[in-house]
Amino acid sequence: MSDIPVGPVGGSASVRLPDPEQSPWAALGKRLLAAVAILVGTVLLVYFDGSGYKDGNDPTGEVSLLDSIYYTTVTLSTTGYGDIVPVSDRARMINAFIITPARIAFLVLLIGTTLEVLASQSREMFRVARWRKYMGDHVVVIGYGTKGRSAALTLVKNGLDRGSIVVVDPSPTALADAHADGFAVVTGDATRRHILLTADVHEAQQVIITTNQDATNVLATLTVRQLNPEVHIVAAVREEDNVPLMKQSGADSVITTAETVGRLLGLSTLSPDLGDVMEDLLTSGAGLEVGERDLLLSEVGMQPQRVSDQVIAVVRDEKTYHYYDPVVTQLARGDRLIVVRPSKELPWAPRPGTHADEDFAEDA
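Residues numbered from 1 in each chain as written. Predicted model: local features only at pLDDT ≥ 70, side-chain atom pairs only at ≥ 80, totals over all residues. Heavy atoms only, no water.

Asks: Help me understand the overall build of the protein chain, please; the structure alone is not making it clear to me.
Replies: Along the backbone of the protein chain there are 11 helices and 14 strands. Burial analysis of the protein chain (364 residues in total) assigns 39% to the buried set. Residue pairs in contact within the protein chain that sit at least 24 positions apart in sequence constitute 62% of those at least 6 positions apart. Counting only carbon and sulfur atoms, one obtains 58% of the accessible surface of the protein chain, whose full area is about 20,500 Å². (Helix = DSSP H or I, 4+ residues; strand = E, 2+ residues; numbered from the N terminus. Buried < 20%, exposed > 50% of the residue type's maximum accessible area, 1.4 Å probe, protein only. Contact = heavy atoms within 4.5 Å. Areas by Shrake-Rupley, 256 points an atom, 1.4 Å probe, with all protein chains shown as cover.)

Here's what the structure looks like:
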């Protein structure tokens, strides 16, 4: 996998994009093994045919194993001092048809390996630069455990492009999982400013914080809010007592994982059917889905109960009301509906016939 440091000197931040093909370091290892094989093979070839060579610096003229190693290294590197030379016809033919091609292959491997490393680094730097160019209004997922991975994949299933999601996590396991899912990864501690700046948190539209420690989540929330006062932050906490602290730290929405799981377990115990329905609502891509959509022009003035979709809440002036609240007895222009619909209808997909379409027509 590719690793391009982009943080300040002394920092540990790096952006790692999922590799579309084999890692260049694996290719480098194979080339080095091939070079060593050529080197060893040539040494053995010269040593076992030592009678066909003459050492001008040795009175006996014999070629030992050490002489074979020396001759191979200076020959393959094209240095060629001339103190050891082939004298028999067989040795000369071996040099012409075996050692000379081996020398060329050895040089190609060395030069090709150097170019491959330089090219891969340049290519990865270009990929990261291009990735940053199209960043903005993206989603940063801090913590890629079970919760973070489920959140990211839910976003993808509901239409968000994988390139718009950036994972921040120091774990090698999380790095491998995020790359397998096609997400870019910033390795490092999300409570540090330069790590979050590497993930472009200051330009993000939303941040999801799901580490396994509530204290880490609180500190990460404080740091994110300081870097981006306008970003929408959704955070997870394990304990209900930490919800007020998380909201005070700057989180817009807080999900209590332990309490939520416990409540679902309790409902499933009291009513297995109700538990199945709740699990269905929480499972993306199957059965029923909860989604938010714009109000249609034909629905203006209607009661929420009379809308074709099953409305459970109405968003008006950035406040959420239950469908039975007297404030939303009649739906008004600009309202958004929280509905329950079959997953096959793509609850989050835009529909024709909204006020946005009317405004677009007026502008045209």
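Asks: I'm lost on the environment of Gly148 in this one. Help?
Replies: Take Gly148: it is sitting in helix H4 (residues 146-157). Apart from the residues lying within four places of it in its own chain, the contact partners of Gly148 are Val141, Gly143 and Thr210.

Asks: Is there a simple way to think about a nonpolar patch on the surface in this case?
Replies: Together, Val36, Val40, Leu44, Tyr47, Phe48, Leu65 and Ile69 line one region of the surface with nonpolar side chains, adding up to about 660 Å² of accessible area. Top element by residues in the nonpolar patch is helix H1 (residues 24-48). It accounts for five residues. Here Val36 shows up in helix H1. (Patch = residues over 30% accessible without salt bridge, like charges linked within 9 Å, V, L, I, M, F, W, Y side chains within 5 Å. Salt bridge = Lys/Arg side-chain N within 4 Å of Asp/Glu carboxyl O.)

Asks: Explanation requested: the confidence of the model for the protein chain in the structure shown.
Replies: Should the pLDDT be low somewhere, the predicted coordinates at that spot are not to be read in detail. On average, the protein chain scores 80 in pLDDT, and the residues at 70 or more come to 80%. Least confident of the elements in the protein chain is strand E1 (residues 4-5), whose mean pLDDT is 44; most confident is strand E8 (residues 206-209), at 94. The model gives residues 1-11 a pLDDT under 50, and that stretch makes 31 contacts with residues more than four places away or in other chains. In the model, residues 360-364 has pLDDT below 50 throughout and makes zero contacts with residues more than four positions away in sequence or in other chains. (pLDDT = per-residue confidence, 0-100.)

Asks: So what exactly am I meant to see when it comes to the nonpolar core here?
Replies: A general tendency of soluble globular proteins is for nonpolar side chains to be buried together. Within the largest apolar cluster, 25 residues are counted, with the highest numbers of intra-cluster contacts made by Val140, Ile142, Val168, Val207 and Val224. Of all the secondary-structure elements, those providing two or more residues to this core are strand E5 (139-142), strand E6 (165-168), helix H6 (193-198), E8, helix H7 (214-227), strand E9 (232-237) and helix H8 (243-249). No other element matches H7, which puts four residues into this core. For Ile142, the contacting residues outside a window of four places in its chain are Val168, Ala190, Leu196, Val207, Ile208, Ile209, Thr210, Thr211 and Val224. Val141, Ala152, Ala178 and Phe183 belong to the second largest nonpolar core, which has 13 residues in total. (Core = buried A, V, L, I, M, F, W, Y, C linked by side-chain atoms within 4.5 Å.)

Asks: When you look at the sheet that holds strand E12 (residues 310-316) in this model, what are you seeing that I'm missing?
Replies: The strands making up a sheet associate through backbone hydrogen bonding, with each pair oriented either parallel or antiparallel. One open sheet accounts for four strands, arranged E11-E14-E12-E13; its pairing is antiparallel. One side of each edge strand has no neighbouring strand; the edge strands of this open sheet are strand E11 (288-294) and strand E13 (319-322). Along the sheet, successive strands turn relative to each other by an average axial angle of 30°, direction set aside. Two elements, E12 and strand E14 (residues 336-342), share five bridges in a ladder whose sense is antiparallel. From the neighbouring strand, Ala313 faces E14, where its bridge partner is Ile338. (Pairing = 2+ DSSP bridges. Axes fitted to C-alpha atoms, helices over the stretch in contact; angles between N-to-C directions.)

Asks: Help me understand the pairing of E14, please; the structure alone is not making it clear to me.
Replies: Looking along a regular strand, one sees side chains alternate from face to face of the sheet. Burial analysis of E14 places five of its seven residues in the buried class, which makes it a mostly covered element. When E11 meets E14, the two strands line up antiparallel, connected through seven bridges. Counted as the bridge partner of Asp294 is Arg336 from E14.

Asks: Could you clarify how one ought to interpret the packing of aromatic side chains in this entry?
Replies: Two descriptors summarise a pair of aromatic rings, namely the distance from one centre to the other and the angle between the planes of the rings. With the rule as written, the count across this model stands at four aromatic pairs. Each ring, one from Tyr323 and one from Tyr324, has its centre 5.3 Å from the other, and the planes form 80°; the classification is edge-to-face. Taking relative accessible area as the criterion, Tyr324 reaches 54% and is therefore assigned exposed. (Phe/Tyr/Trp six-rings, centres within 6.5 Å; stacked < 30°, edge-to-face > 60°.)

Asks: What am I meant to see in the pattern of salt bridges here?
Replies: Two side chains with opposite charge may pair up if their charged atoms get near one another. Going through the model one piece at a time under the given rule, you end up with nine salt bridges. The closest approach of N and O atoms between Arg149 and Asp181, which form a salt bridge, is 2.7 Å. Of this pair, Arg149 sits in helix H4 while Asp181 sits in the loop between helix H5 (172-180) and strand E7 (184-187); the two residues are 32 residues apart in sequence, bridging distant segments of the chain. On the basis of relative accessibility, which here comes to 30%, the residue Arg149 falls in the partly exposed class. The class of Asp181 is buried, set by a relative accessible area of 11%.

Asks: What's the story with a negative patch on the surface in this structure? I'm lost.
Replies: Where like charges cluster on the molecular surface, the negative patch consists of Glu239, Glu240, Asp241 and Glu259. Here Asp241 shows up in the loop between E9 and H8. A residue is classified by how much of its surface remains accessible, and Asp241, at 70% relative accessible area, is exposed. (Lys, Arg positive; Asp, Glu negative; His and termini not counted. Charge placed at Lys NZ, Arg CZ, Asp CG, Glu CD.)

Asks: Sorry if this is basic, but what is going on with unusual backbone geometry here?
Replies: Working note: non-glycine residues mostly have negative phi, and peptide bonds are mostly trans. A positive phi angle, close to 55°, is found at Asp200, a residue other than glycine. In this fold, Asp200 is placed in the loop between H6 and E8. Residue classification places Asp200 among the buried residues on the basis of a relative accessible area of 9%. Phi at Asp317 takes a positive value of approximately 55°, unusual for a residue other than glycine. In this structure, Asp317 sits in the loop between E12 and E13.

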